[in-house]
There are 8 protein chains.
Amino acid sequence: MIIQPNSKLVIIGDSITDCDRARPIGEGLFDALGNGYVSLLDSLLTARYPAHHIRVVNMGISGNTIRDLQSRWQTDVVGLKPDWLTVFIGINDVWRHFHSPNQPEWHVPLDEYTQTLDELLQAVRPSLKGLILMTPYFIEPNTIEPMRKMMGRYGEAVRQLAEKHQAILVDTQAAFDAVLNDLHPMALAWDRVHPTRTGHMVLAIAFLQTIGYKW
Amino acid sequence: MIIQPNSKLVIIGDSITDCDRARPIGEGLFDALGNGYVSLLDSLLTARYPAHHIRVVNMGISGNTIRDLQSRWQTDVVGLKPDWLTVFIGINDVWRHFHSPNQPEWHVPLDEYTQTLDELLQAVRPSLKGLILMTPYFIEPNTIEPMRKMMGRYGEAVRQLAEKHQAILVDTQAAFDAVLNDLHPMALAWDRVHPTRTGHMVLAIAFLQTIGYKW
Amino acid sequence: MIIQPNSKLVIIGDSITDCDRARPIGEGLFDALGNGYVSLLDSLLTARYPAHHIRVVNMGISGNTIRDLQSRWQTDVVGLKPDWLTVFIGINDVWRHFHSPNQPEWHVPLDEYTQTLDELLQAVRPSLKGLILMTPYFIEPNTIEPMRKMMGRYGEAVRQLAEKHQAILVDTQAAFDAVLNDLHPMALAWDRVHPTRTGHMVLAIAFLQTIGYKW
Amino acid sequence: MIIQPNSKLVIIGDSITDCDRARPIGEGLFDALGNGYVSLLDSLLTARYPAHHIRVVNMGISGNTIRDLQSRWQTDVVGLKPDWLTVFIGINDVWRHFHSPNQPEWHVPLDEYTQTLDELLQAVRPSLKGLILMTPYFIEPNTIEPMRKMMGRYGEAVRQLAEKHQAILVDTQAAFDAVLNDLHPMALAWDRVHPTRTGHMVLAIAFLQTIGYKW
Amino acid sequence: MIIQPNSKLVIIGDSITDCDRARPIGEGLFDALGNGYVSLLDSLLTARYPAHHIRVVNMGISGNTIRDLQSRWQTDVVGLKPDWLTVFIGINDVWRHFHSPNQPEWHVPLDEYTQTLDELLQAVRPSLKGLILMTPYFIEPNTIEPMRKMMGRYGEAVRQLAEKHQAILVDTQAAFDAVLNDLHPMALAWDRVHPTRTGHMVLAIAFLQTIGYKW
Amino acid sequence: MIIQPNSKLVIIGDSITDCDRARPIGEGLFDALGNGYVSLLDSLLTARYPAHHIRVVNMGISGNTIRDLQSRWQTDVVGLKPDWLTVFIGINDVWRHFHSPNQPEWHVPLDEYTQTLDELLQAVRPSLKGLILMTPYFIEPNTIEPMRKMMGRYGEAVRQLAEKHQAILVDTQAAFDAVLNDLHPMALAWDRVHPTRTGHMVLAIAFLQTIGYKW
Amino acid sequence: MIIQPNSKLVIIGDSITDCDRARPIGEGLFDALGNGYVSLLDSLLTARYPAHHIRVVNMGISGNTIRDLQSRWQTDVVGLKPDWLTVFIGINDVWRHFHSPNQPEWHVPLDEYTQTLDELLQAVRPSLKGLILMTPYFIEPNTIEPMRKMMGRYGEAVRQLAEKHQAILVDTQAAFDAVLNDLHPMALAWDRVHPTRTGHMVLAIAFLQTIGYKW
Amino acid sequence: MIIQPNSKLVIIGDSITDCDRARPIGEGLFDALGNGYVSLLDSLLTARYPAHHIRVVNMGISGNTIRDLQSRWQTDVVGLKPDWLTVFIGINDVWRHFHSPNQPEWHVPLDEYTQTLDELLQAVRPSLKGLILMTPYFIEPNTIEPMRKMMGRYGEAVRQLAEKHQAILVDTQAAFDAVLNDLHPMALAWDRVHPTRTGHMVLAIAFLQTIGYKW
């Protein structure tokens, strides 16, 4: 299965998605799509399938959690009338537990994360031709490391919601894990979160392969 | 055929290659490889074949012609001891005939271009495991347009040198022509020379597919 | 015929007109008129006919289409009470069909373009001493090139509206075509749209000669 | 008489010529010719006579006097092998008498000015197809004003040298005087020296008309 | 007579007064008073009469005419409750006749200038301990030069209003004229309007000497 | 034991030491000592023991390995005539194995690291009153993580050299390990290498406590 | 006594506190706490007592007096719901008497200072677990110097209010006085107000020691 | 006595003199003289005695001590062939004892200061028409304050050298002391060294009055 030609694909997320995209709408020429995986998958799609005319719109905002997505869902998702929607959220929801332990109200607990994402998907699913959910990840091979472990639980929630809402699930953690067999995390993301160019390419390839694009 | 794991691949060229790479050697973390096709093919290779550890070095310099390559060949090619070498030159050699018609000494005639490139390749070929030549291109579908026509003749010279020196030929003009069936040049390069992100991806994919990488 | 001494001439258009003019009104000393053809024709007029005291006002805004002109017509044309008015619009209306093929709502179709321009001229013509319409252009000698061809149809619409509204028609496409006999488009505008200094002079001379100024 | 097609015209002078030209050689695309009269006359020539291919090179340097020209004559004039040469110098030689009265060694006296210019022209005249001398000027209608008066004497020296060396004399003072009948100096140059865009156009037109170009 | 110790002196005017003063109120440490004559007279007063504690407030705004003063009189003069007031306006009212001849509505005619200034002074005079009016000037020794001549008429109007409102008149034109016996205008202000540091000192000394300060 | 009053303490190292110190010598007022642990320990010493007048000199340079220290040892250590010397090197020697796996000549092997450091210490030890060696660290609690493990081996080498050269050993890894019981690495250094302000304070306290300062 | 683990400590003050903290709330990673004593005491606390998880919030604003604190007390203190509160204000209240003697309404008299601070503390004390008052200081050993003397009176007022409101009093003047036995004020603060890094460390240590932290 | 008309006056010193003057020679239009007392005394002289044409050259360099003056004496004093010379040095020689107590080799002891200045004056005095020595100062009214006290001794040395070399002595300390009766040091220089605009005016007036200028 692939995205139908002439579809409009909106991608919403955090800094991994944002990557300095244009404001208020991340769409158009030059660097409007930012310099991360969104731009890469758009370029891969257009270079390889120029006749498909997939219209990609980047709505990532750095630092966002599911709470921020909720507050801008109407404007930044529903209002853009996507044919396909990609949601890639959760890294900050988890990360803040660890980098800001003294600020509990900055942490998003798993149940709030799951429930909010569920409601948002509910509201928009009927109007979509296709839905893609990307799991949050942590570029850390040690599966019992605390942040990796918590990230795994949020990723599992995404997997279940994908099933419930008939979405394609892009398992980004698995994509990075595969590469970590040959490369140390330092070669993919110094903070294990924000990828190098290679790390963004890992995401773009995982995205396209999971959907079903042949190369 | 593919590049042998653990090989060092040096790529030399003009602004299409350069793309703001690091100086003096375009190698290393972050944006050392620039933001053009070199970075893309490095990311594609590393993300897809992380165990191959291909070492990519970007030695492009904006505005270069074959004359400039000659003057820095010893330092920037031979001195770096590449296993594989890619040469992507000729666009400026042709372009200056058209944008600066009053300055004839800025133009590089076809015979000088061919002979110089031939000599440079001669000097380095024996020490290489592999050689890749990329044709110059003009993102213009009208084959009788004067600059496209002249570019075609320079590209043909590259094709013949590839044969002579047992090099892999990446026909970049053909790669862009294929995409031009579905997209106007304005969507790939406003000046028909410096590609958008999509245009750079066209180059990276052509490079990898011609060598023989499977996806 | 020439513009009457002491007249106020307002010129409205897109980036070709704008060229970094002063805001909100492009009028006055130093670089208030921008650095494009508007400044050149003002300088040519003042240097050659200093006693005429033609008052030139630049109201171009980069990226504008006829839709944008409609939304600011009351403020930026009618409100300025011009004696003479010049309208130079349409390049972006056409261009976006080609550089942003995936965004159909960004394209301005020919009928909408024609009808909107017609209405705007209708509204202001009675209050003017003179009206000048400049055709959109594409600096491309190949008349069957798709964007050149579409630009020709929009230019033809301008020609018909000039006739209907008793306007002077400045055929900018013809002016550029004349120069293209001796110069490649690369010497006049790398993207075939935004002119070099020479290209802007082509526009200024065409403007003054069409009106009827002797040198 | 006009400049022969395909000629190389070098223009050397001070800030009026310089106008932010490219270094070390003021030649080529974009703003290489600066934003003053040199760029204007190049644009006028190219737009009106595109087949002539006059190659214009701007070698002005802000703040120069005849002493500075002497020190760089070999490199910046002789070494460039011009077919035609334009020399436009003397304003700073005079001006410094007035704005820096306490620094007598900064002033260039008339006899030194005349003799140095004479020697420089002598050295290069035989190798030239044509020579153009532009008088220094002061945009001040009051002919007994001290600086205007002194400038007049330096201009007269240029006139005599033009005769001696068979040069075309562009009387820039006369060109400005004509416009000053209708415009106050404040509309042409706030300091009566550095022209507005209109003032630069006055120079460009005087240059071309004196040589003999028809419009 | 001198300004009473502990008085608050507000100075309102145009760019000659402004000189990059602090906003919204030009009062306080460091460069709050700008770098023109206001700062100089404050420094002279404080260094020579440190016990007087004269409080100086700079309310100049570049480009202002009497019209602008009228619109901000309530806030910038009355609202600050000055003991002493200095008004220094008129240069732009005159200048615009000459540098922008095509924009008649930018010129302030003499009668409007006089009447507005008269009304403003009327409104504030009763609340003041002292009033100082500074004439506009033009640093041009030729008294029949058109702009100097017109400036003289505006200065004469100020002289008459000083008499009517019992103000101290600082004749800035006379102060500059005295220096022009020994210095060319170029040594005092390249555009004959905006003074060098020496020109600002001429103003500061004239101000203090006219009021009656001994040194 | 503490550093003798009026001693000169030179600290050499990499980016952890450098922290934007002054060049060429990191000594003096304001931010000359950089904004890392060096500045903190200087402030702690001076605030708590103002009569001791310990003179701290920061000679860290970002990115340095033991190879770089060798090349500048004569100038940056011996030439400064320290009473006490601190060496804090090795993080980059290890790190590059992981973030740049394709560039083997960028890696410093353990034996080269040990032998070079040994020779450098040999050369300078006799002239010193005291020597302090700081172990390299990796802010990672998992002791079998590959980079942590390799860092441990380099730290062990430092420990042995400390013994051999009668140096005080500051075990920075142990200092961080203690804090990692209560804080996730993300709260101390996003890349587990470059510390936050808290991380630098951990280093400064470990330094002073190990030497023997009471608080 | 120490601050209870997991407490929230809000610190409000002037430029000594501010030090370029984040806006609107000075809390979080990187430089959110500014680069002054607040950041230092947070680092000291966290490095030494990582399990205490004291949450520090910096609400200093440069230039503030007690008047400014009053106007933002509700938002910046009460609204943040602190467990512990630190108030460090008064330096500007005093300083302005001396650096701006002509502007009496900029000075805050002692009685207004005392009464306002009293009211603010009254309003918030019941909701706090702990209150810390820091005296204003002047880094000047001469106790009869006028500004030092006046600062002493404001500090005495703080001491009395500390007693009245059961607050811990941090006597910053005494802390600086102790260091001034061995260091000239120039080594601690060039203007005797804004501390060097060492001066800020003096404040941080005084703060922690007064509360009762052992080192 | 005054400086003879048409004399060249060179002023050499430290940051108080420098004030951002032009390099390499501080002479000419605009801000070439910097924005401190040198510019002020030049403006005062020129505005009041425009016929005298005193040529002022500022050769101050921030941070200089007598050692730096020695190393550039030949180039920056002798080589400029002054008629009159002003030397204003010593503040940094003293200051460093206090702000950098740990760096004894940065301090210039009194005997070295005196002897070096003596030698420098010896070498140049015969060629001068006049010599002016300005004492170093500290804007501190407390004469037993340590830095004020040491500064007094250096000032006394200057007084004796003035006598020995028949120089005019400008007692800057006395000039500031007079103003300190009415103003706190904070109103003249926040660090008691670098003056506000008023402080620079104190220096300029002291300079001119001591020489003997009437106002």
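Predicted model only: the values in this text are computed from it and were never measured. (Residues numbered from 1 in each chain as written. Chains lettered and ligands numbered in written order. Predicted model: local features only at pLDDT ≥ 70, side-chain atom pairs only at ≥ 80, totals over all residues. Heavy atoms only, no water.)

## Observations regarding the interface of chain A and chain B
Thought 1: Facing the 25 residues of chain A at the interface are 25 residues of chain B.
Thought 2: For the chain A and chain B pair, buried surface summed over both sides reaches about 2,500 Å², with 69% attributable to carbon and sulfur atoms.
Thought 3: Inspection of the region where chain A meets chain B yields two salt bridges.
Thought 4: Between Asp-31 of chain A and Arg-197 of chain B there is a salt bridge whose closest N-O contact spans 3.0 Å.
Thought 5: The interface formed by chain A and chain B contains four residue pairs in polar contact (both at pLDDT 80 or more).
Thought 6: When contributions to the side of chain A that touches chain B are tallied by element, the ones reaching two or more residues are helix H2 (37–48) and helix H8 (197–211) of chain A. (Contact = heavy atoms within 4.5 Å. Buried area = accessible area lost by both parts, 1.4 Å probe. Salt bridge = Lys/Arg side-chain N within 4 Å of Asp/Glu carboxyl O. Polar contact = N/O pair within 3.5 Å; in protein donor to acceptor, adjacent residues only side chain to side chain. Helix = DSSP H or I, 4+ residues; strand = E, 2+ residues; numbered from the N terminus.)

## Things to note about the state of the cysteines
Thought 1: Applying the stated criterion across every chain, the model contains zero disulfides over all chains.
Thought 2: Among the cysteines around Cys-19 of chain C, which has no disulfide bond, Cys-19 of chain D carries the closest sulfur, lying 18 Å off. (Disulfide = S-S within 2.5 Å.)

## Things to note about the sheet that holds strand E1 (residues 8–13) of chain F
All names here are of chain F.
Thought 1: Spatial strand order, E2-E1-E3-E4-E5: five strands in an open sheet with parallel pairing. Edge positions in the open sheet fall to strand E2 (55–58) and strand E5 (168–170), since each of these has one partner strand only. Ignoring strand direction, the axes of neighbouring strands in this sheet form an average angle of 20°.
Thought 2: Inspection of the sheet shows strand E4 (residues 130–134) paired to E5 by three bridges, in the parallel sense. Residue pairing for E5: Leu-133 is matched across the bridge by Leu-169. (Pairing = 2+ DSSP bridges. Axes fitted to C-alpha atoms, helices over the stretch in contact; angles between N-to-C directions.)

## Brief notes about the relation of the copies chain A and chain B
Thought 1: Here chain A sits on chain B after a turn of 180° about the axis and a move of 0.0 Å along it, with an RMSD of 0.0 Å. The two molecules are tied by a two-fold rotation axis, judged by turn and shift. Proximity to the rotation axis, assessed at the C-alpha, singles out Trp-215 of chain A in chain A; its C-alpha lies 2.8 Å from the axis. (Least-squares fit on C-alpha atoms with pLDDT ≥ 70 in both.)

## Description of the arrangement of the chains
Thought 1: At the C-alpha level, the nearest point of chain A lies 32 Å from chain E, with no contact between them.
Thought 2: These two, chain D and chain F, are apart from each other, with no contact and a minimum C-alpha gap of 32 Å.

## Quick word on the side chain of His-165 of chain D
All names here are of chain D.
Thought 1: You can see His-165 is positioned in the loop between helix H6 (146–164) and strand E5 (168–170).
Thought 2: Assessed through its relative accessible area of 5%, His-165 is described here as buried.
Thought 3: Dropping the residues within four chain positions of it, His-165 is found in contact with Asp-118, Leu-121, Gln-122, Arg-125 and Leu-131. (Buried < 20%, exposed > 50% of the residue type's maximum accessible area, 1.4 Å probe, protein only.)

## Side note on helix H3 (residues 66–76) of chain F
Residue and element names in this part refer to chain F.
Thought 1: Among all positions in H3, only Ile-66, Leu-69, Arg-72, Trp-73 and Asp-76 are buried. When H3 is viewed along its axis, its buried side chains cluster within an angular range of 155° and face the same direction. Those residues of H3 that are exposed and angled more than 90 degrees off the buried face are Ser-71, Gln-74 and Thr-75.
Thought 2: Elements in contact with the buried residues of H3: E1, strand E3 (84–88), helix H4 (91–99) and helix H5 (110–124). (Arc of directions from axis to C-beta.)

## Some thoughts on the relation of the copies chain B and chain C
The pair of chain copies shares a relation made of a rotation about an axis and a shift along it.
Thought 1: Overlaying chain B on chain C yields an RMSD of 0.0 Å, the required transformation being a rotation through 180° with an accompanying axial translation of 0.0 Å.
Thought 2: The fraction of interface residues of chain B whose copies in chain C are also interface residues reaches 100%, indicating that both copies meet through the same surface.

## Remarks on unusual backbone geometry
Thought 1: Geometrically, the link from Arg-23 of chain D to Pro-24 of chain D is a cis peptide bond, its omega value of -5° lying close to zero.
Thought 2: Of note, Lys-81 of chain B is a non-glycine position whose phi angle comes to about 50°, a positive value.
Thought 3: On the secondary structure map, Lys-81 of chain B appears in the loop between helix H3 (66–76) and strand E3 (84–88).
Thought 4: One non-glycine residue, Asn-6 of chain F, lies in positive phi territory at about 70°.
Thought 5: The class for Asn-6 of chain F is exposed, based on a relative accessible area of 57%.

## A look at the sheet that holds strand E2 (residues 55–58) of chain C
All names here are of chain C.
Thought 1: One open sheet accounts for five strands, arranged E2-E1-E3-E4-E5; its pairing is parallel. In the strand order of this sheet, the two ends are held by E2 and strand E5 (168–170), each with one partner. Here the strands of the sheet are splayed against their neighbours by 20° on average, with no regard to which way each runs.
Thought 2: The sheet contact formed by strand E1 (residues 8–13) and E2 spans four bridges and is parallel. Residue Leu-9 lies in a different strand from E2, and its bridge partner there is Val-56.

## Remarks on helix H5 (residues 110–124) of chain D
All names here are of chain D.
Thought 1: Between its terminal C-alpha atoms H5 stretches 22 Å, which fits the 21 Å expected from 15 residues at 1.5 Å a residue.
Thought 2: The complete set of buried residues in H5 reads Tyr-113, Thr-116, Leu-117, Asp-118, Leu-120, Leu-121 and Val-124.
Thought 3: The inward-facing, buried residues of H5 contact helix H3 (66–76), strand E3 (84–88), helix H4 (91–99), strand E4 (130–134) and H6. (Expected span 1.5 Å × (residues − 1).)

## Observations concerning the packing of aromatic side chains
Residue and element names in this part refer to chain B.
Thought 1: Evaluated as defined, the whole model comprises 56 aromatic pairs over all chains.
Thought 2: Ring geometry for Tyr-37 against Phe-88: centres 5.7 Å apart, planes inclined by 70°, an arrangement best described as edge-to-face. Here Tyr-37 is found in helix H2 (residues 37–48), whereas its partner Phe-88 is found in strand E3, with 51 residues between them in sequence. Comparing Tyr-37 with Phe-88 shows no difference in burial state: the two are buried. (Phe/Tyr/Trp six-rings, centres within 6.5 Å; stacked < 30°, edge-to-face > 60°.)

## Some thoughts on the pattern of salt bridges
Thought 1: Evaluation of the coordinates by the stated rule reveals 104 salt bridges over all chains.
Thought 2: Arg-55 of chain D serves as the salt-bridge partner of Glu-27 of chain D, at 2.5 Å between the closest nitrogen and oxygen. You can see Glu-27 of chain D sitting in the loop between helix H1 (15–18) and helix H2 (37–48) and its partner Arg-55 of chain D sitting in strand E2 (residues 55–58), a full 28 residues away along the chain.
Thought 3: The exposure class assigned to Glu-27 of chain D is buried, which follows from its relative accessible area of 11%.
Thought 4: The exposure class of Arg-55 of chain D is buried, given its relative accessible area of 8%.
Thought 5: A salt bridge links Glu-163 of chain E to Arg-159 of chain E, with the nearest nitrogen and oxygen atoms 3.4 Å apart. In this pair, Glu-163 of chain E and Arg-159 of chain E are both assigned in helix H6 (residues 146–164), four residues apart and thus about one turn of the helix distant.
Thought 6: On the basis of relative accessibility, which here comes to 34%, the residue Arg-159 of chain E falls in the partly exposed class.
Thought 7: Each of Glu-140 and Arg-192 of chain A together with Glu-140 and Arg-192 of chain F takes part in a single network of salt bridges with overlapping partners.

## Some points on the packing of helix H2 (residues 37–48) of chain C against helix H8 (residues 197–211) of chain D
Thought 1: H8 of chain D packs onto H2 of chain C with a crossing angle of 65° between their chain directions and a minimal axis gap of 8 Å. Of the two possible hands of crossing, H2 of chain C and H8 of chain D adopt the one that is right-handed. Only Arg-197, Thr-198, Met-201, Val-202 and Ile-205 of chain D of H8 of chain D make contact with H2 of chain C, whose side of the interface consists of Ser-39, Leu-40, Asp-42, Ser-43, Leu-44, Thr-46 and Ala-47 of chain C.
Thought 2: When the residues that make up the contact of H2 of chain C with H8 of chain D are grouped by side-chain class, the tally is six nonpolar, four polar and two charged. (Left-handed = near helix turned anticlockwise from the far one by under 90°. Nonpolar A, V, L, I, M, F, W, Y, C, P; charged D, E, K, R; others polar.)

Interpretation note: all reported values are geometric properties and have no functional meaning in isolation.
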